[in-house]
Amino acid sequence: MEHTFRAYMLEKNGEEVEGSIRELTVDQLPQGNVTIKVHYSDVNYKDGLASTTNGKVVNEYPFIPGIDLAGEVVESQDEQFSPGDLVLCTGYKLGVSHYGGYSEYARVPGEWLVRLPAGLSLKEVMMIGTAGFTAAMSVESLIHAGVQPQDGPILVTGATGGVGTMAISILSRLGYEVYASSGKPEQSQWLKDLGAHDVIARADSEQLVKGALGKSQWAGIVDATGGAALGERLKSVRYRGAVAVSGNTAGAKFESSVFPFILRGVQLIGIDSVACPSELRQRIWQHLGSDWKPETALSTGVTEYSLEQIPQALDTVLAGRAVGRQLIVIAE
């Protein structure tokens, strides 16, 4: 191993959080029994929040953000892993209270790691990352709830974001008729190229619905945005349909009555990719490398950044300008 390495580190200067490239030693890495040479990371909305003063993600500084990483094991005290193994890590405390993936080296507990799934490269798993994994968990939850392609159309909100694009790609591959809700009309053709049957203006998918229930429209919804509109969308879900909720970029609160649930049997399912059980995590990554592989999302809509360009990538995500996925290339 190299004696020193580079990392993008957040530090607090008074009340402001500032990030820069720092040179560190391996001894400065946190506790863990597996050390990894990081090849790729990515950018999620949580990473953007971690870089802000009031983001409420990171509590102690200095800190290395990055909630995802993929790379090669260089040292291991875990019998499940050996030097040379290719692995990925998403979720748990990574990039939140444990130094994350914006670093040339990382050290984590072995139980956080997933072996590189067959059918995916290190680069591809970080193109997918937490966003794609969350999308796949959302799809899995709809399937588990009994929603099948023949049951009707699926609405995907926040369609140009990481979760949205991956969900469209996976669902269309599985034969579902997907409708993409987006506030970026200029991306409509791209969303169709990803697999969307049609694109709905975000304002139309957020309209108030008069009464306790609206027109029975969606067999399922992958909702990556949350907010007040979620309460309205629940009114338009078909009998025995399901809604998988994974995000709050549009807000953390919504209002609803019991009627979608007791009159139409609608299922509202929360998606938590952070503490996902290991067995389910492994199974979903296996799907992502095979029958659920989001080929269309991996072939387009991925923007690459270097370690030095992380501030630009974080600003893009926080400003709502990100389209598709943002990949951090640390070592090819």
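Parameters and conventions
- Residues numbered from 1 in each chain as written.
- Predicted model: local features only at pLDDT ≥ 70, side-chain atom pairs only at ≥ 80, totals over all residues.
- Heavy atoms only, no water.
- Helix = DSSP H or I, 4+ residues; strand = E, 2+ residues; numbered from the N terminus.
- Buried < 20%, exposed > 50% of the residue type's maximum accessible area, 1.4 Å probe, protein only.
- Contact = heavy atoms within 4.5 Å.
- Phe/Tyr/Trp six-rings, centres within 6.5 Å; stacked < 30°, edge-to-face > 60°.
- Pairing = 2+ DSSP bridges.
- Axes fitted to C-alpha atoms, helices over the stretch in contact; angles between N-to-C directions.
- Core = buried A, V, L, I, M, F, W, Y, C linked by side-chain atoms within 4.5 Å.
- Expected span 1.5 Å × (residues − 1).
- Salt bridge = Lys/Arg side-chain N within 4 Å of Asp/Glu carboxyl O.

## Examining the environment of alanine 201
Along the chain, alanine 201 turns up in strand 10 (residues 198–201). Taking the relative accessible area as the measure of exposure, alanine 201 reaches 38% and is therefore partly exposed. Through-space distance from the C-alpha of alanine 201 to that of serine 188 is 9.4 Å; in sequence the pair is 13 residues apart. Setting aside anything within four residues of it in sequence, one finds alanine 201 in contact with Ser181 and Ser182.

## Details of the packing of aromatic side chains
Tallying each qualifying case throughout the model produces six aromatic pairs. Ring geometry for tyrosine 92 against tryptophan 112: centres 5.5 Å apart, planes inclined by 0°, an arrangement best described as stacked. Taken together, the residues span a long stretch of sequence, with tyrosine 92 in the loop between strand 5 (86–90) and strand 6 (105–108) and tryptophan 112 in the loop between strand 6 and strand 7 (114–115) at a distance of 20 residues. Under the relative-accessibility criterion, tryptophan 112 is labelled buried at 10%. Taking 5.7 Å as the distance between ring centres and 10° as the angle between the ring planes, the aromatic pair formed by phenylalanine 133 and tryptophan 285 counts as stacked. Of the two residues, phenylalanine 133 is situated in helix 2 (residues 122–144) and tryptophan 285 in helix 8 (residues 278–288); the sequence distance between them amounts to 152 residues. When its relative accessible area of 0% is taken as the criterion, phenylalanine 133 is described as buried.

## Comments concerning the sheet that holds strand 13 (residues 267–270)
The sheet built from six strands is open, its strands ordered 10-9-8-11-12-13 with parallel pairing. If you trace the sheet from one side to the other, it starts and ends with strand 10 and strand 13, each paired once. Between one strand axis and the next, the sheet turns through 20° on average, direction left out of account. As paired elements, strand 8 (residues 154–156) and strand 9 (residues 178–182) share three bridges and run parallel to each other. Bridge assignment links leucine 155 to a residue of strand 9, and that residue is tyrosine 179. Helix 2 contacts strand 8, strand 11 (218–223), strand 12 (237–245) and strand 13 of the sheet and is inclined by roughly 155° relative to strand 12. Against the sheet, helix 3 (residues 162–173) makes contact with strand 8, strand 9 and strand 11, and its axis sits at roughly 155° relative to strand 8, the strand it touches most.

## As for the nonpolar core
Note on soluble globular proteins: their nonpolar side chains tend to be buried together. Counting residues in hydrophobic clusters, the biggest one holds 52 residues, and the most contacted among them are Ile168, Leu171, Leu191, Trp285 and Leu288. If one sorts the elements of this core by residue count, helix 2 sits on top with 12 residues. Counting 40 residues, the second-largest nonpolar core is a separate cluster that includes Val38, Ala50, Val57 and Val108.

## Quick notes on unusual backbone geometry
Looking along the chain, the bond that leaves tyrosine 61 and enters proline 62 is cis, with omega of 0°. Assignment of secondary structure puts proline 62 in the loop between helix 1 (45–50) and strand 4 (68–76). Backbone geometry at lysine 56 places phi at a positive 60°, although glycine is not the residue there. Along the chain, lysine 56 falls in the loop between helix 1 and strand 4. Despite not being glycine, arginine 240 has its phi angle at roughly 65°, a positive value. Looking at the secondary structure, you find arginine 240 in strand 12. According to the relative accessible area criterion, arginine 240 is partly exposed, its value standing at 47%.

## Digging into helix 2
Taking 1.5 Å of rise per residue, 23 residues should cover 33 Å, yet helix 2 covers just 29 Å from first to last C-alpha, more than 12% shy of that figure. Across the 23 residues of helix 2, 18 count as buried, placing the element largely inside the fold. Count one or two residues on from helix 2 and you reach glycine 146, which has phi positive near 95°.

## Observations regarding the pattern of salt bridges
Overall, the coordinates contain 10 salt bridges when judged by the stated rule. Residue arginine 115 pairs with aspartate 85 through a salt bridge whose shortest N-O separation is 3.1 Å. Within this pair, whereas arginine 115 is found in strand 7, its partner aspartate 85 is found in the loop between strand 4 and strand 5, the two being separated by 30 residues in sequence. Assessed through its relative accessible area of 41%, arginine 115 is described here as partly exposed. Among the ionic pairs, arginine 283 bridges to glutamate 140, the shortest N-O distance being 3.7 Å. Here arginine 283, found in helix 8, pairs with glutamate 140, found in helix 2; they are 143 residues apart in sequence, far enough to count as distant.

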